[in-house]
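Structure assessment
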Amino acid sequence: MPEPVEIGRLTFTEAEIRRFAGAFDPQGFHVDPEAARQSPFGGLVASGWHVVCAWMGAFVRAHPSAADSPVDHPSVIAPVGVGFGLQGLEWKAPVRAGDTLVFFTQVLEARASGSRPGWSVFHRRNSARREDGVEVMAFELRHMAPDPAPGRG
Amino acid sequence: MPDFFYEDFVVGEVKAFGSHTITEEEIVTFAREFDPQPMHTDAAAGAKSVLGGLSASGWHSCAIMMRLICDGFLLRTAGMGSPGVTENSWLAPVRPGDVLTLRRTVLEARTSKSRPEMGLVTFKFELVKADKTVAVSQTCLIMIGRRNPGARLA
């Protein structure tokens, strides 16, 4: 089985933590430093969804460019394709302002789609670690992605 | 003082909350940052995509559902964070103009011997479109403070 591959890293700032949470997860410990100090976290922490969404941004940006493929090829329109779902998403440790997360993906299984020619189905384990190596988030993802245009990849 | 504690979540209860009408601008703005596939950032690419039209990133749908969870009840609840999501399925595309609501089912509730100040509630959250199609179905655990920490429950 392939090893986990690093796909990017991101430093979480207080401003970014509060911006994401202000839009999507405005619990006190994500948006209000004073409320956060008195919460079980003892300080401001990023929304778990912020961490997962940042993982996805890294995953898409790390995907090999299909820039010289036809513009309407599925690998250009949707390079990593569509997700069916995720299992076992764990928020294992708080992410605080100043933490730099390193994002990983690991292919557990890949096979040609039975119903959609030119597409493959992937089962992955994805994760984020702090720079000190502590894994803060992990989940398994099932998705289908287009194969590269002929003559590529 | 929160309105809702662990004891207020009754297994089997089903409730609907809130409503959010998603716009094309929101879909594109979110996707540029967190899921920059042309399928989600460009209407023409979306139309040619396997989803058959511009649609929100699945992660955007999850984020909107989280906001409906917050506004629906969690901001008034003694919430102490979440250890994770057991399962999340993306069942139908979310498109510009869709009116999204949250359906919450309490699946399980249990107290903790090691942490008597809280209980762990397992919810099924569904993001439901106006035509009753379920776009996202998720099983999520949330740690919730107890009204009377340590009290024995039958």
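In the block above lies the structure referred to throughout.
Residues numbered from 1 in each chain as written. Chains lettered and ligands numbered in written order. Predicted model: local features only at pLDDT ≥ 70, side-chain atom pairs only at ≥ 80, totals over all residues. Heavy atoms only, no water.

1. Focus on the pairing of strand β5 (residues 134-145) of chain B
Residue and element names in this part refer to chain B. Applied cut-off: Only protein chains enter the area calculation, which uses a 1.4 Å probe; residues under 20% of their type maximum are buried, those over 50% are exposed, and those in between are partly exposed. Strands here mean DSSP runs of E at least two residues long; helices mean DSSP runs of H or I at least four residues long; both are numbered from the N terminus. Strand pairing follows a simple DSSP-based rule, namely that at least 2 bridges must link the two strands.
Of all the twelve residues making up β5, twelve are buried; the element is thus mostly covered by neighbouring parts of the structure. In the sheet, strand β2 (residues 84-90) pairs with β5 via six bridges, with the strands oriented antiparallel. Of the residues in β5, the one forming a bridge with E87 is T139.

2. A word on the environment of G48(A)
Among the structural elements, G48(A) can be located in helix α4 (residues 48-62). Expressed as a C-alpha distance, the spacing of G48(A) and D25(A), which sit 23 residues apart in the sequence, is 9.0 Å.

3. Looking at the interface of chain A and chain B
Here is the rule we go by: Contacts are assigned to residue pairs with any non-hydrogen atoms lying within 4.5 Å of each other. Accessible area, probed at 1.4 Å, shrinks when two parts are joined; the buried area is that loss added up over both. Whenever Lys or Arg places a side-chain nitrogen within 4 Å of a carboxyl oxygen from Asp or Glu, that contact is recorded as a salt bridge. For the purposes of these results, a polar contact is taken to be a pair of N or O atoms within 3.5 Å, where, inside protein, one atom must be able to donate a hydrogen and its partner to accept one; residues adjacent in sequence count only when each atom of the pair is a side-chain atom.
With 43 residues of chain A at the interface, the matching set in chain B holds 37 residues. Carbon and sulfur atoms supply 67% of the area that chain A and chain B bury against each other, a total of about 3,200 Å² over both sides. Area buried by chain A at its contact with chain B is led by F24(A), W49(A) and I77(A), which between them contribute 22% of it. Scanning the region where chain A abuts chain B turns up one salt bridge. E33(B) serves as the salt-bridge partner of R19(A), at 2.7 Å between the closest nitrogen and oxygen. Where chain A packs against chain B, one counts 15 residue pairs in polar contact (both at pLDDT 80 or more). No other element matches strand β2 (residues 82-91) of chain A, which puts ten residues into the side of chain A that touches chain B.

4. Considerations on the pattern of salt bridges
A complete count under the given rule lists 19 salt bridges over all chains for this structure. Where D132(A) meets R130(A), a salt bridge forms, and the shortest distance between an N and an O atom there is 3.0 Å. For D132(A), a relative accessible area of 54% corresponds to the exposed category. Residue R130(A) is classed as partly exposed on the basis of its relative accessible area, which comes to 22%. When the shortest N-O distance is used, the salt bridge between R115(B) and E117(B) registers 3.2 Å. Here E117(B) falls in the partly exposed class, since its relative accessible area comes to 32%.

5. Some thoughts on the sheet that holds β2(B)
This is how it is decided: For helices, the fitted axis covers only the stretch in contact; all axes are lines through C-alpha atoms, and the angles between them, taken along N-to-C directions, range from 0 to 180 degrees.
With antiparallel pairing, the ten strands of this open sheet are ordered in space as β1(A)-β3(A)-β4(A)-β5(A)-β2(A)-β2(B)-β5(B)-β4(B)-β3(B)-β1(B). Each having just a single partner strand, β1 (5-11) of chain A together with β1 (14-21) of chain B make up the two edges of the open sheet. Taken pair by pair, the neighbouring strands of this sheet meet at an average axis angle of 20°, ignoring direction. For strand β3 (residues 99-111) of chain B and strand β4 (residues 118-128) of chain B, the ladder comprises ten bridges, and the chain directions are antiparallel. Across the sheet, the residue bridging to R110(B) is L120(B), located in β4(B). Against the sheet, α4(A) touches β1, β2, β3 (100-112), β4 (119-130) and β5 (135-146) of chain A together with β2 and β5 of chain B, its axis set at about 65° to β3(A).

6. Focus: unusual backbone geometry
The phi angle of most residues is negative, glycine excepted, and most peptide bonds adopt the trans form. Of note, K132(B) is a non-glycine position whose phi angle comes to about 80°, a positive value. Secondary-structure assignment places K132(B) in the loop between β4 and β5.

7. Looking at the pairing of β4(B)
Residue and element names in this part refer to chain B. Judged by how many residues are buried, β4 sits mostly within the fold: ten of eleven residues are covered. Where β3 hands over to β4, the hairpin turn is made up of six residues, counted between the paired strands. Direction of pairing for β4 relative to β5: antiparallel, over a ladder of eleven bridges. The partner of M118 across the bridge, within β5, is G145. A loop of five residues connects β4 with β5, the two strands running antiparallel in sequence, and K132 in this loop sits at a positive phi of about 80°.

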